[in-house]
Amino acid sequence: MPNTSQTETAIESKLGSLRSRGQGALIAFLTGGDPDGKSFLDNATALVDGGADILEVGIPFSDPIADGPVIQGSSQRALLSGATPRGVLGLIKEISLARSVPIVVLTYYNLVLATGLERFLKTAQRSGVEGLVIPDLPVEESDSFRKTSSKHHIDTIFLAGPNTSPTRMRQIIEKSHGFVYMVSLFGVTGPRRELDPVALHSVKRVKALAKGRIPIAAGFGISRPEHVAEIIAAGADGAIVGSALVEIVAHNLEDRERTRVKLKDAVSDLKKATNPSLV
Amino acid sequence: MEPLIQLELSYRKLSKESSFRKELKGLLANYAGRPTPLYLARNLTQRSGGAKIYLKREDLLHGGAHKINNTLGQALLAKRMGKTRIIAETGAGQHGVATAMACATLGLRAEVYMGEEDMERQRLNVYRMKMLGARVHPVGSGSRTLKDAINEALRDWVTNVEDTYYLIGSVVGPHPYPTMVRDFQSIIGIEARRQILQSEGHLPRAAVACVGGGSNSMGLFHPFLHDLEVDLYGVEAGGEGLDRGRHAAPLCAGREGVFHGMLTYILQDANGQIQSTHSISAGLDYPGVGPEHAFLMDTRRAKYAVATDNEALEAFQVLSETEGIMPALEPAHALSYATKLAGNYRKNDAIIVNLSGRGDKDVETVAKHIPN
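Predicted, not measured: the structure shown is a model, and the values here were computed from it. (Residues numbered from 1 in each chain as written. Chains lettered and ligands numbered in written order. Predicted model: local features only at pLDDT ≥ 70, side-chain atom pairs only at ≥ 80, totals over all residues. Heavy atoms only, no water.)

Caption draft 1: Highlighting the overall build of chain B. A tally of regular secondary structure across chain B gives 16 helices and twelve strands. A compact globule built from 372 residues should have a C-alpha radius of gyration of about 21 Å, and chain B, at 19 Å, falls within 12% of that. The principal-axis extent of the C-alpha atoms belonging to chain B is close to 55 × 45 × 40 Å. Put simply, chain B has 372 residues, and 64% of those count as buried. Contacts in chain B between residues at least 24 apart in sequence constitute 74% of all its contacts with a sequence separation of at least 6. In the form shown here, chain B has an accessible surface area of approximately 13900 Å², with 50% of it arising from carbon and sulfur atoms. Positive and negative charge centroids in chain B, built from 42 and 41 side chains respectively, lie 5 Å apart. (Helix = DSSP H or I, 4+ residues; strand = E, 2+ residues; numbered from the N terminus. Rg over C-alpha atoms; globule rule 2.2 N^0.38 Å. Buried < 20%, exposed > 50% of the residue type's maximum accessible area, 1.4 Å probe, protein only. Contact = heavy atoms within 4.5 Å. Areas by Shrake-Rupley, 256 points an atom, 1.4 Å probe, with all protein chains shown as cover. Lys, Arg positive; Asp, Glu negative; His and termini not counted. Charge placed at Lys NZ, Arg CZ, Asp CG, Glu CD.)

Caption draft 2: Structural context of the pattern of salt bridges. Enumeration according to the criterion identifies 44 salt bridges over all chains in this entry. Among the salt bridges present, the one from Asp237 of chain A reaches Arg19 of chain A, with a minimum N-O distance of 3.1 Å. A residue pair is termed long-range when its members are at least 10 positions apart, and Asp237 of chain A in the loop between helix 10 (225-233) and strand 9 (238-241) and Arg19 of chain A in helix 1 (residues 10-20) qualify at 218 residues. Close ionic contact of Glu240 of chain B with Arg244 of chain B constitutes a salt bridge, the shortest N to O distance being 3.8 Å. Residue classification places Arg244 of chain B among the exposed residues on the basis of a relative accessible area of 59%. Through salt bridges with shared partners, one network takes in Arg85, Arg109, Glu111, Asp156 and Asp163 of chain B. (Salt bridge = Lys/Arg side-chain N within 4 Å of Asp/Glu carboxyl O.)

Caption draft 3: Summary view of the nonpolar core. Counting 151 residues, the largest nonpolar core has Phe179, Ile231 and Leu245 of chain A as the members making the most contacts within it. The element best represented in this core is helix 5 (residues 94-106) of chain B, accounting for seven residues. Other than its neighbours up to four places away in sequence, Ile231 of chain A contacts Leu195, Ala199, Leu200, Val203, Ala218, Ile222, Ala236 and Ala239 of chain A. Residues Val208, Ala237, Ala315 and Val353 of chain B belong to the second largest nonpolar core, which totals 31 residues. (Core = buried A, V, L, I, M, F, W, Y, C linked by side-chain atoms within 4.5 Å.)

Caption draft 4: Structural view of a nonpolar patch on the surface. Together, Leu124, Tyr127 and Met131 of chain B line one region of the surface with nonpolar side chains, adding up to about 360 Å² of accessible area. Its location among the elements puts Met131 of chain B in helix 7 (residues 123-131). (Patch = residues over 30% accessible without salt bridge, like charges linked within 9 Å, V, L, I, M, F, W, Y side chains within 5 Å.)

Caption draft 5: A look at the interface of chain B and chain A. Each partner contributes to the interface: chain B provides 26 residues, whereas chain A provides 25 residues. Roughly 2000 Å² of surface becomes buried between chain B and chain A when both sides are summed, with 54% attributable to carbon and sulfur atoms. Where chain B touches chain A, the interface holds one salt bridge. In this structure, Lys147 of chain B engages Asp63 of chain A in a salt bridge whose closest nitrogen and oxygen atoms are separated by 2.7 Å. Taken together, chain B and chain A are joined by twelve residue pairs in polar contact (both at pLDDT 80 or more). Going through the elements one at a time, helix 1 (2-14), helix 8 (146-159) and strand 9 (255-259) of chain B are the ones with two or more residues in the side of chain B that touches chain A. Among the elements that line the side of chain B that touches chain A, the one with the most residues is helix 8 of chain B, at eight residues. Considered class by class, the residues forming the side of chain B that touches chain A number eleven nonpolar, nine polar and six charged. (Buried area = accessible area lost by both parts, 1.4 Å probe. Polar contact = N/O pair within 3.5 Å; in protein donor to acceptor, adjacent residues only side chain to side chain. Nonpolar A, V, L, I, M, F, W, Y, C, P; charged D, E, K, R; others polar.)

Caption draft 6: Fine view of unusual backbone geometry. The omega angle of the peptide bond from Asp34 of chain A to Pro35 of chain A is -5 degrees, so this bond is cis rather than trans. Counting through the fold element by element, Pro35 of chain A comes out in the loop between strand 1 (25-31) and helix 2 (37-50). Here the amide bond leading from His175 of chain B into Pro176 of chain B is cis, since omega sits at 10 degrees, within 30 degrees of zero. The backbone of His153 of chain A sits at a positive phi, close to 55 degrees, despite the residue not being glycine. With respect to the helices, strands and loops of the structure, His153 of chain A is situated in the loop between helix 7 (143-151) and strand 5 (155-157). By relative accessible area, His153 of chain A is classed as exposed at 60%.

Caption draft 7: Representation of the sheet that holds strand 5 (residues 135-139) of chain B within the structure. Residues and elements named next belong to chain B. The four strands lie next to each other as 5-4-3-6, forming an open sheet whose pairing is parallel. Of all strands in the sheet, those bounded by a partner on one side alone are strand 5 and strand 6 (164-166). Across the sheet, the axes of successive neighbouring strands diverge by a mean angle of 25 degrees, strand direction being ignored. The pairing of strand 3 (residues 85-90) with strand 4 (residues 109-115) spans six bridges and is classified as parallel. Considered in strand 4, the bridge of Glu89 is made with Tyr113. Against the sheet, helix 8 contacts strand 3, strand 4, strand 5 and strand 6, and its axis sits at roughly 160 degrees relative to strand 3. (Pairing = 2+ DSSP bridges. Axes fitted to C-alpha atoms, helices over the stretch in contact; angles between N-to-C directions.)

Caption draft 8: Up close: the sheet that holds strand 7 (residues 206-210) of chain B. Residues and elements named next belong to chain B. Overall, mixed pairing links the six strands, which are arranged 1-2-12-7-8-11 in an open sheet. With partners counted over all chains shown, the strands left at the sheet margins are strand 1 (38-40) and strand 11 (302-308), one partner each. Across this sheet, the average inter-strand angle for adjacent strands is 25 degrees, counted without regard to direction. Seen against the sheet, helix 14 (residues 309-323) touches strand 1, strand 2 (52-57), strand 8 (231-239), strand 11 and strand 12 (350-355) and runs at an angle of roughly 90 degrees to strand 11.

Purely spatial values, then, with no claim about function.
Structure (structure tokens):
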């Protein structure tokens with residue numbers, strides 16, 4: 001049994017069915033409302049049409065401490081154009097109505113707290129959110145959050161780091177639903193030229209501890225198709241690509257059509273890399 | 001989380017070891033200049049009318065502020081943990097200077113994150129840090145002040161956690177920092193309590209200190225927590241006034257939230273976005289506050305008030321002229337409030353104000369605001 005509920009969650013079954021076909025999942029990230037609501041909707045749709053298996057949407061926070069300059073910049077752009085937690089959840093609802101894709105939200109705890117746990121999670125559920133990643137919510141402090149999120153059938157996805165001890169890792173595996181988010185380097189989000197050597201080792205370590213009870217997806221510094229291929233080959237069930245896509249948005253602010261085409265192409269290349277038989 | 005767990009274990013173990021305590025005690029005495037005097041400010045007392053105002057002279061410490069109490073403690077801890085590189089954030093620059101000093105004397109490498117706006121208004125401290133051998137990293141993100149410097153230091157720490165120790169300068173951040181910094185700063189209150197009993201024969205009626213992150217106030221308050229007859233007053237930066245919205249007073253005007261790894265009062269908008277703050281003193285310019293202050297306020301053990309930019313500037317001048325002591329603009333907030341408070345007590349009562357730093361760093365700022 002992958003978790004305490006009777007059935008697999010939507011995210012788990014998505015990852016499971018890809019795995020049974022010998023594929024990893026491509027989890028594609030954009031910051032909600034970047035650079036504005038309408039463009040974001042088009043861009044997110046392009047990611048799905050390009051082949052993203054799961055969409056991860058950031059609700060922008062003023063002080064994103066887990067993020068490098070690229071996602072900091074996107075958060076600032078989104079906030080300047082008026083993005084709010086409620087507004088981004090509204091955009092997510094539009095995507096979930098238009099496309100059949102599991103959607104995961106990444107945000108920081110204060111935004112959830114300011115809205116109120118119950119209200120935030122209820123709205124998220126109604127918007128079609130299937131999972132939540134909160135980098136500044138440690139598993140040790142998460143009891144009331146998890147209680148409320150499971151009530152609303154939203155997976156709580158915890159982050160594990162390369163230096164997370166086996167004891168804590170077991171706790172994270174036990175208390176995560178959907179997948180465990182393996183941070184594949186020491187540091188913050190951002191595109192890197194090479195895959196950090198620590199990444200493959202980390203994935204193997206967490207896979208061994210998880211014993212198949214929950215899927216593992218790796219993120220941070222995974223930006224190119226060859227990184228995706230390597231991380232999937234190492235045993236990850238999914239690869240999360242964020243900053244490399246956000247950078248496409250940032251570099252093409254003057255040409256919205258070009259942004260969409262480039263995003264779709266990038267995702268399509270990244271997706272191909274999740275299928276070892278095609279690589 | 002893992003580095004925080006390691007830090008807590010190391011701190012618990014080392015802080016009990018007699019060799020650690022002995023070395024720290026020696027450094028505080030012979031390097032930093034402890035104990036600091038508790039000075040009866042007769043002229044200020046006369047001018048204020050009311051209780052005797054005593055000043056705890058943390059401004060006389062090496063480096064010019066209370067910050068060295070904490071940096072020596074943590075740098076020593078870092079060294080014993082085998083770390084070689086120390087990172088720190090700084091607002092007014094006093095913590096950066098104190099970090100640079102502690103690292104120099106203990107043979108550690110120091111790198112300090114500082115908001116670009118703060119680098120501008122506290123230029124003197126930027127020079128000092130560099131001369132003391134520290135590298136200063138300008139932070140251009142967000143509001144370019146203390147909170148952004150903390151963000152960058154945290155990002156550095158998760159990247160270089162193997163050899164790097166993050167030396168936080170106030171009672172803020174994730175556990176165990178608020179506890180640890182409080183412990184290192186409690187020497188202020190321990191000395192002050194002993195000194196006032198010696199000079200007055202009884203406890204003071206009140207202890208007053210400014211609150212940014214809240215380390216100098218927590219250091220003064222903590223040893224008096226169980227002396228219920230001693231009123232504790234924390235003074236936040238009222239900036240241009242609470243009604244105008246440009247201030248740095250999370251306890252007086254903020255809401256509960258989670259930021260920088262702590263649950264506390266925070267200045268935030270309705271959605272939970274952290275708001276930018278304003279204070280004439282860079283050291284108080286922070287949208288959060290140590291969680292133990294939030295607890296002391298909620299349990300009503302301590303009271304919190306504000307002093308505005310103008311009130312702090314006035315207190316700066318008053319203390320300079322009446323006592324020949326130039327306070328930093330941070331404790332000038334506490335002084336301003338204390339001079340009003342003194343009138344509520346009798347002439348035989350005593351109140352202690354923590355004079356947490358000296359004003360040399362603020363001379364330019366003051367000169368700009370007060371012509372001649």
